[in-house]
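Fold and contact review
In case you want the letters, here they are:
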Amino acid sequence: MTLAELRAVVKELGMPGFSAGQIASWLYGKQVSSVDEMTNLSLKHRALLSERYDVGREAPMDAMRSVDGTVKYLYRAGEGHFVEAVYIPDNDRATLCVSSQVGCKMHCQFCMTGRQGFSANLTAGQIINQILSLPECGRLTNVVMMGMGEPLDNLDEVLKVLDILTAPYGFGWSPKRITLSTVGLRKGLRRYLQETDCHLAVSLHSPVPAQRAALMPAERAFPITDIVDELRQYDFSKQRRLSFEYILFKGVNDSVAHAKELLKLLRGLDCRINLIRFHAIPGAGLEGCSPEEMTAFRDYLTSHGLFTTIRASRGEDIFAACGMLSTAKMEEKNGN
């Protein structure tokens, strides 16, 4: 709950108004697991809270560990539902990739989560639980909304989470520590940019509309040209960073012609490109590029003025790409 929601709770229960701040401190500062641990609340008030509410913490039910230190955690998210969070340590940086939905409506060709279809939106509590119940929670430096689901398709709950992460009553993080990844749902995108200062990453993957639509059906409803036009209205030169995610598929979107179209599409926009190596999934019919091909693509874009990086590939030995572990768990549950 946000501080405003906690104030409504204590008012309803007849508790002093300042109790809301005390509860927030226990939840997000001291990160307790039960109401009974909130010892500066009276026994009577703790009993009242416990009758109607619980903290909502639930430890991950499974984990897969990579040789590179990446850990994929599986969380239960309601009856028969599972979501993943991926912990990525990198020297003095530790990032958690969190999920916002069970499954996804976007049906991207290269994503295992899209093949699950959509089952449910996660509540703010279920999203925050992926962070608070993470064994390495105290080491986190960054959170990315790049896990299962489309964050802008569950925007009300995601915005609550971002408020809790950045507000003084919550985690008190700088918005610079948080990035949201989206295919670009335009109405939600506008609201996200207006209501937060967190970073933005847009899934691009092809600058050619027909090809992007084949890879990402959402292109038909939310054309990348419209998304870029929308983004041109905002200032990305200071606090907020704008990046475009681009998975390189061998023989599909890796040509010089594609690089030239990218330059044309993004000309004049203060942004960067993150090139991503494809983590193969069964039946996708797509193949990743070699390191040499990725370097050549990066160098072409950079030499023509578009700042481009190659994201380090992590956790491939544990199938760290979205949806792999939860799909396996659902198939096990269904006896497949």
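In what follows, the structure referred to is the one given above.
Residues numbered from 1 in each chain as written. Predicted model: local features only at pLDDT ≥ 70, side-chain atom pairs only at ≥ 80, totals over all residues. Heavy atoms only, no water.

1. Digging into the overall build of the chain
Each helix and strand in the chain was counted, giving twelve helices and twelve strands. Its C-alpha radius of gyration of 21 Å places the chain within 12% of the 20 Å reference for a compact globule of 336 residues. In terms of overall dimensions, the chain has C-alpha extents of about 70 × 50 × 40 Å along its principal axes. Residues counted as buried form 52% of the 336 residues belonging to the chain. Within the chain, residue pairs in contact and separated by at least 24 positions form 66% of the contacts whose partners lie at least 6 positions apart. Looking at the chain as shown, the accessible area adds up to about 15000 Å², and 50% of this sits on carbon and sulfur atoms. (Helix = DSSP H or I, 4+ residues; strand = E, 2+ residues; numbered from the N terminus. Rg over C-alpha atoms; globule rule 2.2 N^0.38 Å. Buried < 20%, exposed > 50% of the residue type's maximum accessible area, 1.4 Å probe, protein only. Contact = heavy atoms within 4.5 Å. Areas by Shrake-Rupley, 256 points an atom, 1.4 Å probe, with all protein chains shown as cover.)

2. A word on the sheet that holds strand S4 (residues 93–97)
Reading across the sheet, the ten strands line up as S1-S2-S3-S4-S7-S8-S9-S10-S11-S12 and stay open at both edges, with mixed pairing between neighbours. This sheet does not close on itself; its edge strands, each paired only once, are strand S1 (62–65) and strand S12 (308–310). Along the sheet, successive strands turn relative to each other by an average axial angle of 20°, direction set aside. Pairing of S1 with strand S2 (residues 71–76) involves four bridges; the strand directions are antiparallel. (Pairing = 2+ DSSP bridges. Axes fitted to C-alpha atoms, helices over the stretch in contact; angles between N-to-C directions.)

3. Comments concerning the packing of helix H1 (residues 3–12) against helix H2 (residues 19–29)
Relative to each other, H1 and H2 sit at 125°, their axes nearing to 8 Å. The orientation of H1 with respect to H2, classified from their angle, is oblique. Crossing angle aside, the handedness with which H1 passes H2 is right-handed. Listed contacts from H2 to Leu3, Leu6, Arg7 and Val10 of H1 are Ser19, Ala20, Gly21, Ile23, Ala24 and Leu27. Its residues assigned to classes, the contact of H1 with H2 shows seven nonpolar, two polar and one charged. (Parallel < 35°, antiparallel > 145°, perpendicular 65-115°, else oblique. Left-handed = near helix turned anticlockwise from the far one by under 90°. Nonpolar A, V, L, I, M, F, W, Y, C, P; charged D, E, K, R; others polar.)

4. Some words on the pattern of salt bridges
Considering all chains together, one arrives at 15 salt bridges under this definition. Arg52 is the partner of Glu12 in a salt bridge, and the nearest nitrogen-oxygen pair spans 2.6 Å. Pair noted here: Glu12 is in helix H1 and Arg52 is in helix H3 (residues 43–52), with a separation of 40 residues, a long-range link. Of the residues examined, Glu12 reaches a relative accessible area of 47% and is grouped as partly exposed. Salt-bridge contacts for Arg212 lead to Glu219; the nearest nitrogen and oxygen are separated by 2.6 Å. With relative accessibility at 6%, the residue Glu219 sits in the buried group. (Salt bridge = Lys/Arg side-chain N within 4 Å of Asp/Glu carboxyl O.)

5. A short note on the environment of Gly315
Summarising the element assignment, Gly315 is placed in the loop between S12 and helix H12 (324–333). Along the sequence, Gly315 and Asp92 sit 223 residues apart, while their C-alpha atoms lie 18 Å from each other.

6. Points about unusual backbone geometry
Glycine aside, residues mostly have negative phi, and peptide bonds are mostly found in the trans state. In this structure, Asn91 is a non-glycine residue whose phi angle is positive, near 55°. On the basis of relative accessibility, which here comes to 80%, the residue Asn91 falls in the exposed class. Phi at His107 takes a positive value of approximately 55°, unusual for a residue other than glycine. A relative accessible area of 44% means that His107 is categorised as partly exposed.

7. Some thoughts on the state of the cysteines
In this structure the tally under the stated criterion is zero disulfides. In this model Cys289 remains outside any disulfide bridge; the closest cysteine sulfur is found in Cys108, 18 Å from its own. (Disulfide = S-S within 2.5 Å.)

8. With respect to the nonpolar core
Core analysis: the biggest nonpolar cluster contains 102 residues, and Leu231 and Phe244 have the highest contact counts within it. Sort the elements by how many residues they give to this core and helix H6 (residues 155–166) lands first, with seven residues. Setting aside residues no more than four positions away along its own chain, Leu231 makes contact with Leu189, Leu193, Leu200, Val202, Phe236, Leu242, Phe244 and Leu269. By size, the runner-up hydrophobic cluster in this structure holds five residues, among which are Val86, Cys97, Val144 and Met146. (Core = buried A, V, L, I, M, F, W, Y, C linked by side-chain atoms within 4.5 Å.)

9. Let's talk about the packing of aromatic side chains
Summed over the entire model, instances satisfying the criterion amount to six aromatic pairs. For the ring pair Phe171 and Trp173, a centre distance of 5.9 Å and an interplane angle of 85° mean the geometry is edge-to-face. The same class applies to Phe171 and to Trp173, which are both buried. The ring of Trp26 has Lys30 sitting right over it, with the charged end atom 4.6 Å from the ring centre. Looking at Lys105, its charged tip hangs above the ring of Phe118, at a distance of 4.6 Å from the centre. (Phe/Tyr/Trp six-rings, centres within 6.5 Å; stacked < 30°, edge-to-face > 60°. Lys NZ or Arg CZ within 6 Å of the ring centre and 35° of its normal.)

By themselves, these are just geometric observations and shouldn't be taken as functional.
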